[in-house]
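# Secondary and tertiary structure notes
If you want the building blocks of each chain, they are given just below.
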Amino acid sequence: MKYTPPPKELFIHNRANFVAQMKPNTIAIFHANDQVMNNADGMYRFTQNSNTYYMAGLDQEEVILLLFPDAPKEEYKEMLFIRETNAHIQVWEGWKYSKEEAREASGVQEVHWFHQFDDMVRRLISYFDGVYLDINEHMRNSLTTRSAGHRLAEKFRTEFPAHQIYRSAPITEALRSVKHEAEIAQLQTACDITEKAFRRVLGFVKPGVWEHEIEAEIQHEFLRNRATGPAYDSIIASGKNACVLHYIDNNEECKAGDVILMDFGAEYGNYSADLSRSIPVSGKFTERQKDVYNAVLSVMKAATEMLVVGNTLDDYHKRVGELMTVELVKLGLLTQEEVDNQDPDKPAYKKYFMHGTSHFLGLDTHDVGNWFEPFKAGNVFTCEPGIYIPEENLGIRIENDILITENGPHDLMANIPREVEEIEAIMAG
C-alpha cells in the first residue's frame, strides 16, 4: 500500500466501542467489498468496505471480521478470516497479508483463512442467538446488485431462520461520525496533499489549457505524495460547465476571461479530502467575478463559524440560506420583492444556490452520520456554499473541510489559499 496506515490501537478502540453496544449473545460480521469485473478479465481497482476497514484495518479483498463477545471460549471472541496466498498469487498479484501481518495491522489475534469462515459459523451457530450484519444504508445509496452483506442476510434467513438479524448501521454510523485523533491525522494528511495539488494547479493554469490537463496535474501531485488517488471523480469545470454541479467530463478548453470551478480531493489511507476552489483562467478576476466570489466567500466564512457543538443541520442550513439571500440581492440576482414573496418551501435563493452547504466527511466523501442530531465534537463537515449563474457562464464554489471541536470549528484546510488576492498573486508567479 502507498500510505502509512494508522496504528492498530485505532481499530482495537473501534471494535471495543461497537461491542459495547451489541445485544447479549450475538455476533457481528463485517465483510470486505467484492472485487468487481469490468470487461474480459479486467478488474476495477479494489476499494475496501468502509466499515470493514474501520473495524479491522485491513485494506484487501476477501477479509471477514467476526465478533462474538459472549463466546464460550476466548479464541472465538474476535476472529479474522483472510485470503490464503500461494506461489501463483504471489507471482501474478504480489503481496497479501500473512496471518502475522494481519494480527499486527488489526490487533486481532485469532486469524484464519477466508475459506474457513462458513465452517466456523456452523461450529458456533448453536451458541449465539442473533447476528449483526453490515448493510449499506447510506441515504444516497442506489446500488441494485447484492453486496456481501445482502448475501449473508439471505444465508442466515435460509439456513438459520430461528436466529435474529440485527442492523450494524445505526452503531457504525454513530461511531464513525465522531473521529478519533488517529483518523483526524489521516484526514489532515489527505487535506495537505490536496493543498499541494491546488498550489501546483495555480502555477499551471493559463488560457488554452484543457480541463483534463488540469486534472492530470492534480492526479500527478496526488500520486507523488502517496495518496491512493482521487477521493472521487475530479470536477474541472470552466465557464458554463461550472453550472453543472457534478460535471466530470473535463474535456473542454479553458478560455481567457472564464473562471474554472475545481472540486477535488485526495484519498489517503481510505480517508477523503474534499476541496472546491474557483480561479480565473487569465490569472485575474473581473470585477463581476470578484463580487460573486467574495459573496460566496463571505457566506462560507459565516457558515464555518456556525459549525459548532450543539447546532443542528436544519438550523444551520436555514441560516446559511438567509445569508446567501442577502448576498444574492446585493449582486442583483434577486429582488427584495422576490424574497418577500417567496414560497418558504422553495426559497428564492435556491435558483442560484441549489445544493446543501455541508455533509459529513471521513472514510467516505459523503460520510455516514445522523443528520438530525446536534453537532458533536469530532464531527467533520465540508463547508461549500456556491453561486451558479448560467446566463453569465459563471459558477463559484468554495469548500473547506471543518473539524468540530469543543473550542469551536477547526479548519483542516486553513493553509489552502482562498482569498482573491492570494489566488491572483500566486497565479501571477
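Residues numbered from 1 in each chain as written. Predicted model: local features only at pLDDT ≥ 70, side-chain atom pairs only at ≥ 80, totals over all residues. Heavy atoms only, no water.

### Points about the overall build of the chain
Helix and strand counts for the chain come out as 13 helices and 17 strands. For 429 residues, the compact-globule formula gives about 22 Å, and the C-alpha radius of gyration of the chain, at 24 Å, lands near that figure. Considering only C-alpha atoms, the chain reaches an extent of 70 × 50 × 40 Å along its principal axes. Relative to its 429 residues, the chain shows a buried fraction of 52%. For the chain, the share of sequence-separated contacts (at least 6 apart) that also reach a separation of at least 24 residues comes to 71%. When the accessible surface of the chain is split by element, carbon and sulfur atoms take 49% of a total near 19,600 Å². Of the side chains in the chain, 43 bear a positive and 67 a negative charge, and the two mean positions are spaced by 2 Å. (Helix = DSSP H or I, 4+ residues; strand = E, 2+ residues; numbered from the N terminus. Rg over C-alpha atoms; globule rule 2.2 N^0.38 Å. Buried < 20%, exposed > 50% of the residue type's maximum accessible area, 1.4 Å probe, protein only. Contact = heavy atoms within 4.5 Å. Areas by Shrake-Rupley, 256 points an atom, 1.4 Å probe, with all protein chains shown as cover. Lys, Arg positive; Asp, Glu negative; His and termini not counted. Charge placed at Lys NZ, Arg CZ, Asp CG, Glu CD.)

### Thoughts on the sheet that holds strand S7 (residues 229-230)
Within the open sheet, the 3 strands sit side by side as S7-S10-S11. Their pairing is antiparallel. With partners counted over all chains shown, the strands left at the sheet margins are S7 and strand S11 (271-272), one partner each. Across the sheet, helix H8 (residues 181-202) lies against strand S10 (266-268) and S11, angled at about 145° from S10, the strand it touches most. (Pairing = 2+ DSSP bridges. Axes fitted to C-alpha atoms, helices over the stretch in contact; angles between N-to-C directions.)

### Observations concerning unusual backbone geometry
The phi torsion at Asn250 lies on the positive side, around 50°, for a residue other than glycine. Along the polypeptide, Asn250 turns up in the loop between strand S8 (235-238) and strand S9 (259-264). One non-glycine residue with positive phi stands out, namely Asn270, at about 80°.

### Quick look at the state of the cysteines
Taken as a whole, this structure holds 0 disulfides when the rule is applied. You can see Cys191 has no disulfide; the closest cysteine sulfur is in Cys383, sitting 13 Å from it. The thiol of Cys243 is not disulfide-bonded; the next cysteine sulfur, from Cys254, is found 15 Å away. (Disulfide = S-S within 2.5 Å.)

### With respect to the environment of Ala303
Along the chain, Ala303 falls in helix H10 (residues 287-305). For Ala303, the residues in contact, after removing those within four places along its chain, are Tyr316, Val320, Thr357 and Cys383.

### Focus: the sheet that holds S8
In spatial order, the strands read S8-S9-S12; together these 3 strands make up an open sheet with antiparallel pairing. Because the sheet does not close on itself, it has two edges, and the strands there are S8 and strand S12 (275-280). Averaged over neighbouring strand pairs, the angle between their axes works out to 15° when direction is ignored. Pairing of S9 with S12, which is carried by 6 bridges, proceeds in the antiparallel orientation. By the bridge assignment, Asp263 is partnered in S12 with Ser276.

### Looking at the pattern of salt bridges
Between side chains of opposite charge, a pair can form when the charged atoms approach closely. If you walk through the whole model with that rule in mind, you get 29 salt bridges. For Lys179, the salt bridge goes to Asp367, with nearest N and O atoms at 3.3 Å. Remark: Asp367 occurs in the loop between helix H12 (336-340) and strand S13 (380-383) and Lys179 occurs in the loop between helix H7 (169-177) and H8; sequence separation between them is 188 residues. An identical accessibility class is assigned to Lys179 and Asp367; each is buried. (Salt bridge = Lys/Arg side-chain N within 4 Å of Asp/Glu carboxyl O.)

### Description of the nonpolar core
Core analysis: the biggest nonpolar cluster contains 100 residues, and Phe18, Ile214, Ile279 and Ile387 have the highest contact counts within it. Among the elements that take part in this core, H8 stands out by supplying 9 residues, more than any other. Sequence-distant contacts of Ile279, that is, excluding residues within four places in its chain, are made with Phe198, Val201, Leu202, Val205, Asp258, Val259, Ile260, Met262, Phe285, Ile423 and Met427. One finds Ile27, Ile29, Ala153 and Phe156 within the second-largest nonpolar core, a separate group that totals 21 residues. (Core = buried A, V, L, I, M, F, W, Y, C linked by side-chain atoms within 4.5 Å.)

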